Amino acid sequence: MRENVLQRAIVILVVTLGCLYVTLIGWRSPRLDDFKSFDQIKQNLANNIKLGLDLKGGSHLVMQVMVDEALKKLTDDNAEKAKNLLEGIGISVKETKTLSPTQLAITVADAGRIGEARDKVLEDFGKSEWVATLSGDTVTFSLVERVAQEYRQRAVEQAMLIIENRINAFGVAEPTLQRYGGEQNHQILLQLPGVDDPERVKKTLVLESNLELRPVDGTYRTYATLEEARLAVGGRTDVEALPLDERDDDEMLDEEGNPVAQRKSRPKADAPTQYLLVLKTPIIVGRDLRDAFASSGSLDGEGDYRIVFKLKDEGAKKFADWTGQNIGKGLAIVLNGRVKSAPTIRGQIRETGEITGNFTKASAEDLALVLRSGALPARIVYLEERTVGPSLGADSIRQGVAASIAGLIFIMVFMVVYYRLSGVNAIISLILNLVMLLAVMVMFGAVLTLPGIAGVILTIGMAVDSNVLIFERIREELRLDKPVLTAVELGFDKAFVTILDTHVTTVVSSLILFVFGTGPIRGFAVTLLAGLLANIFTATFVSKTMFGYVLSRSERPSELSI
């Protein structure tokens, strides 16, 4: 034991300094003012240890994905696709009708070809996903319930992925995002610790981002009312009237900064809504976007924001082909069913475009974020919302820290009174244990929650328990008149198996809590797990080294203060 004290002390020193560095500095380079005052040290500690929703405050949201809307969109798209398919092979379609989110009916002009229409459409839809029933000149297609359920689950998973992307763009630290309730509920739980502007985040999370670039029907012309626009549409099914937010003639630039499209003057804010006829089939859609970002000062000077977008290669090619063949015609930029602008194409556009409007900096950045993250598969509604104030979290921190310090002081006094100078050994190991626990949390970016503080307190108890086991074994050996050095060696050897056994079982329990737990439960598991691993090191390695150092000071130690 005594021969290796120096090497063991070096290991402990390196580990201690490393843990202190990570805890107080983090992963950045140290600065001169990091230790200029106690307040600065506290601030560094607060910056490095992430706090959960219950300690930091924030928002607790439960959302529901309206999955049937995703199914209805699928059914509507299939109805349009089926119509084009049948008319492509010479079967005239009298009517397509969506009966429910999972059911559509197609009526053909020639009842004699209804069977052929059914087989052709069913082959395109997939016979394993849709079933068809005939009734006169109408065939009804129904989505198989098993497949519909798969689409619903897929819509929830896609919504979670998009929400996660939007949250990450806001820089929210350690959000909790998971399914909530049973699978049939299609609900999502989201916790946002320390959000500065929760209303803005909430609004952006559910913001729709259905971007389409569609051709303007014929010559650019606006209509004063929706009825007037619908009269102009007549019986055509490939055209629809959409509200027009802008009818500007500002310029749209290509990727080289050259004006390629023009729009007319901007209407006044209180001007009545006008309508524009656009084709239903888009040239490109939101999923063709490669990037989108807010840009300022291009049209009306500083403070006027727009969203500049760039297209993926495939979308850019389609867009370049269409704009190259339609110079002089109108292009409608449609966002969530409204025409944001309708410039006239003045030249071929390849991969860059822009959306203009009365955007503020925040609204332009939010919309660009939504476009980048993609469109939600269906609308999302908030079912439950709770806000935890930072003052409540601060109270929890104060009480938790007070409980930890009180427990620590009580244990220190007990160990010194009961085990005398050996109790100091246990106290040093205990403090190093806490330093290592905090360092592990910083290293892995773990979040400290209120149950996590309970985990810290439990770790203190288990650390002391390990020292008590060792000390009692040493006492037993001393009562058997064993030499001090031998008693200490045997005490650690005999206690080690018991300590390892108890820690392994608790570590396994902590891992199970971490894997299957959520939110605060995971916080408890993380702190307990880190504390247990640190405790094995401090109780069996650090404590033994300190005994070795004390015993090495005497050639033949005859007494041990324990």
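For the protein, the name recorded in an unreviewed UniProt entry is Protein translocase subunit SecD, with Chloracidobacterium validum as its organism. Quoted verbatim from the Sequence similarities (unreviewed entry) field of UniProt, the annotation for the protein is "Belongs to the SecD/SecF family. SecD subfamily." A UniProt comment under Subunit (unreviewed entry) is attached to the protein, and it reads "Forms a complex with SecF. Part of the essential Sec protein translocation apparatus which comprises SecA, SecYEG and auxiliary proteins SecDF. Other proteins may also be involved."

Peer 1: Sorry if this is basic, but what is going on with the overall build of the protein here?
Peer 2: When you go through the protein residue by residue, the secondary structure sums to 15 helices and 23 strands. Out of the 562 residues belonging to the protein, those deemed buried represent 44%. Pairs at least 24 residues apart make up 71% of the contacts formed inside the protein by residues separated by at least 6 positions. Of the roughly 28100 Å² of accessible surface on the protein, 56% is carried by carbon and sulfur atoms.

Peer 1: Before we go on, may I ask you to explain helix H5 (residues 114-125) in this structure?
Peer 2: It helps to recall that an α-helix has 3.6 residues per turn; residues three or four apart then point in one direction. Between the first and last C-alpha of H5 there are 16 Å, a value that for 12 residues agrees with the 16 Å anticipated at 1.5 Å per step. Among the residues of H5, Ile 114, Ala 117, Val 121, Leu 122 and Phe 125 are the ones counted as buried. One side of H5 carries all its buried residues, which in axial view fall inside an arc of 120 degrees. Lining the buried residues of H5 we find helix H4 (67-88), strand S4 (103-108), strand S5 (130-135) and strand S6 (138-143).

Peer 1: Could you clarify how one ought to interpret the pairing of strand S19 (residues 338-341) in this entry?
Peer 2: A regular strand places its side chains so that they alternate between the two faces of the sheet. In terms of strand pairing, strand S18 (residues 331-335) meets S19 through 3 bridges, oriented antiparallel. The partner of Val 334 across the bridge, within S19, is Val 339.

Peer 1: How should I be thinking about the sheet that holds strand S22 (residues 380-388) in this particular structure?
Peer 2: Paired through their backbone hydrogen bonds, the strands of a sheet run either parallel or antiparallel. The antiparallel open sheet is built from 4 strands, whose spatial order is S7-S8-S2-S22. Single-partner strands in this sheet number two, and they are strand S7 (176-180) and S22. Sheet twist, expressed as the mean angle between neighbouring strand axes with direction ignored, is 20 degrees. Of the pairings in the sheet, the one linking strand S2 (residues 58-65) to S22 comprises 8 bridges and is antiparallel in character. Of the residues in S22, the one forming a bridge with Val 62 is Glu 384.

Peer 1: Quick question: what am I supposed to make of the sheet that holds S4 here?
Peer 2: Reading across the sheet, the 4 strands line up as S3-S4-S6-S5 and stay open at both edges, with antiparallel pairing between neighbours. The open sheet has two edge strands, strand S3 (93-100) and S5, and neither has a second partner. Taking each pair of neighbouring strands and ignoring which way they run, the sheet shows an average axis angle of 20 degrees. In this structure, S4 lies alongside S6, joined through 5 bridges in antiparallel fashion. Each bridged residue has a counterpart across the sheet, and for Ala 105 the counterpart in S6 is Thr 140.

Peer 1: Would you take a moment to explain the packing of aromatic side chains for this structure?
Peer 2: Describing an aromatic ring pair means giving the distance of the ring centres and the angle of the ring planes. This structure, assessed with the given rule, holds 8 aromatic pairs. Judged by centre distance (4.8 Å) and plane angle (85 degrees), the rings of Tyr 418 and Tyr 419 are edge-to-face. Under the relative-accessibility criterion, Tyr 418 is labelled partly exposed at 41%. Here the aromatic rings of Phe 537 and Phe 541 are separated by 5.2 Å at their centres, their planes lie at 20 degrees, and the arrangement is stacked. Taken together, the residues Phe 537 and Phe 541, both in helix H15 (residues 520-552) and 4 residues apart, mark about one turn of the helix. Among the aromatic side chains, those forming a connected cluster through ring pairs are Phe 414, Tyr 418, Tyr 419, Phe 471, Phe 492 and Phe 547.

Peer 1: Help me understand the layout of surface pockets, please; the structure alone is not making it clear to me.
Peer 2: If you roll a probe as big as a water molecule over the atoms, it shows you where there is empty space left. Of the voids in this model, the largest pocket is the one considered here, and its volume is about 2100 Å³. Forming the boundary of the largest pocket are 48 residues, of which Lys 73, Leu 74, Asp 76, Asp 77 and Glu 212 lie nearest the centre. The element best represented in the lining of the largest pocket is H4, accounting for 13 residues. Among the residues forming the lining of the largest pocket, the class breakdown is 17 nonpolar, 12 polar and 19 charged. Estimated volume of the second largest pocket: approximately 1000 Å³. Lining the second largest pocket are 29 residues, and of these Leu 45, Ile 49, Val 401, Leu 438 and Leu 448 lie nearest its centre. Elements that contribute at least two residues to the lining of the second largest pocket include exactly helix H1 (5-24), helix H2 (38-48), helix H11 (390-419), helix H12 (421-443) and helix H13 (450-479). At 8 residues, H11 tops the list of elements feeding residues into the lining of the second largest pocket.

Peer 1: I'm lost on the pattern of salt bridges in this one. Help?
Peer 2: Pairing is possible between side chains of opposite charge, provided their charged atoms come close. Scanning the entire structure with this criterion turns up 22 salt bridges. The closest approach of N and O atoms between Glu 477 and Lys 482, which form a salt bridge, is 2.9 Å. Look at Glu 477 and you get buried, because its relative accessible area is 2%. Here Lys 482 falls in the partly exposed class, since its relative accessible area comes to 31%.

Peer 1: Would you mind showing me how to read unusual backbone geometry here?
Peer 2: Phi at Arg 420 is positive, roughly 55 degrees, even though this residue is not glycine. By secondary structure assignment, the location of Arg 420 is in the loop between H11 and H12. With a phi close to 65 degrees, Asp 481 is a non-glycine residue in the positive phi region. Residue position: Asp 481 is located in the loop between H13 and helix H14 (484-516). On the accessibility criterion, Asp 481 (68% relative accessible area) is exposed.

Peer 1: Hey, could you run me through the nonpolar core in this one?
Peer 2: The nonpolar side chains of soluble globular proteins are, as a tendency, buried together. Residues Ile 470, Phe 471, Ile 474, Val 488 and Leu 560 are the most contacted members of the largest nonpolar core, which totals 35 residues. For this core, the secondary structure elements donating two or more residues are H11, H12, H13, H14 and H15.

Peer 1: I keep staring at a nonpolar patch on the surface and nothing clicks. Help me out?
Peer 2: A cluster of nonpolar side chains, contributed by Phe 496, Val 497, Leu 500, Val 504, Val 508, Ile 512, Phe 514, Val 515 and Phe 516, occupies part of the molecular surface with about 830 Å² of accessible area. In this structure Leu 500 comes out as partly exposed when scored by relative accessible area, which is 34%.

Peer 1: Explain the packing of H1 against H12 here, please?
Peer 2: The relative placement of two packed helices is expressed as an angle between their axes plus a distance between the axes. Contact pair H1 / H12: the axes reach a minimum separation of 8 Å and the direction vectors enclose 50 degrees. As far as their axial angle goes, H12 and H1 are oblique. For the pair H1 and H12, the crossing hand works out as left-handed. In this structure, H1 contributes Ile 12, Val 15, Thr 16, Cys 19, Leu 20, Val 22 and Thr 23 to the contact, and H12 contributes Leu 432, Val 435, Met 436, Leu 438, Ala 439, Val 442 and Met 443. Grouping the amino acids of the contact of H1 with H12 by side-chain chemistry returns 12 nonpolar, 2 polar and no charged.

Each value, and the rule that gives it
Residues numbered from 1 in each chain as written. Predicted model: local features only at pLDDT ≥ 70, side-chain atom pairs only at ≥ 80, totals over all residues. Heavy atoms only, no water. UniProt positions renumbered as here; feature names shortened; annotations may be inferred. Helix = DSSP H or I, 4+ residues; strand = E, 2+ residues; numbered from the N terminus. Buried < 20%, exposed > 50% of the residue type's maximum accessible area, 1.4 Å probe, protein only. Contact = heavy atoms within 4.5 Å. Areas by Shrake-Rupley, 256 points an atom, 1.4 Å probe, with all protein chains shown as cover. Expected span 1.5 Å × (residues − 1). Arc of directions from axis to C-beta. Pairing = 2+ DSSP bridges. Axes fitted to C-alpha atoms, helices over the stretch in contact; angles between N-to-C directions. Phe/Tyr/Trp six-rings, centres within 6.5 Å; stacked < 30°, edge-to-face > 60°. 1 Å grid on protein atoms, 1.4 Å probe; cavity = no way out; pocket = protein on both sides within 12 Å on 5 of 7 lines; lining within 4 Å. Points joined across faces, edges and corners; volume = space filled by probe spheres on them. Nonpolar A, V, L, I, M, F, W, Y, C, P; charged D, E, K, R; others polar. Salt bridge = Lys/Arg side-chain N within 4 Å of Asp/Glu carboxyl O. Core = buried A, V, L, I, M, F, W, Y, C linked by side-chain atoms within 4.5 Å. Patch = residues over 30% accessible without salt bridge, like charges linked within 9 Å, V, L, I, M, F, W, Y side chains within 5 Å. Parallel < 35°, antiparallel > 145°, perpendicular 65-115°, else oblique. Left-handed = near helix turned anticlockwise from the far one by under 90°.

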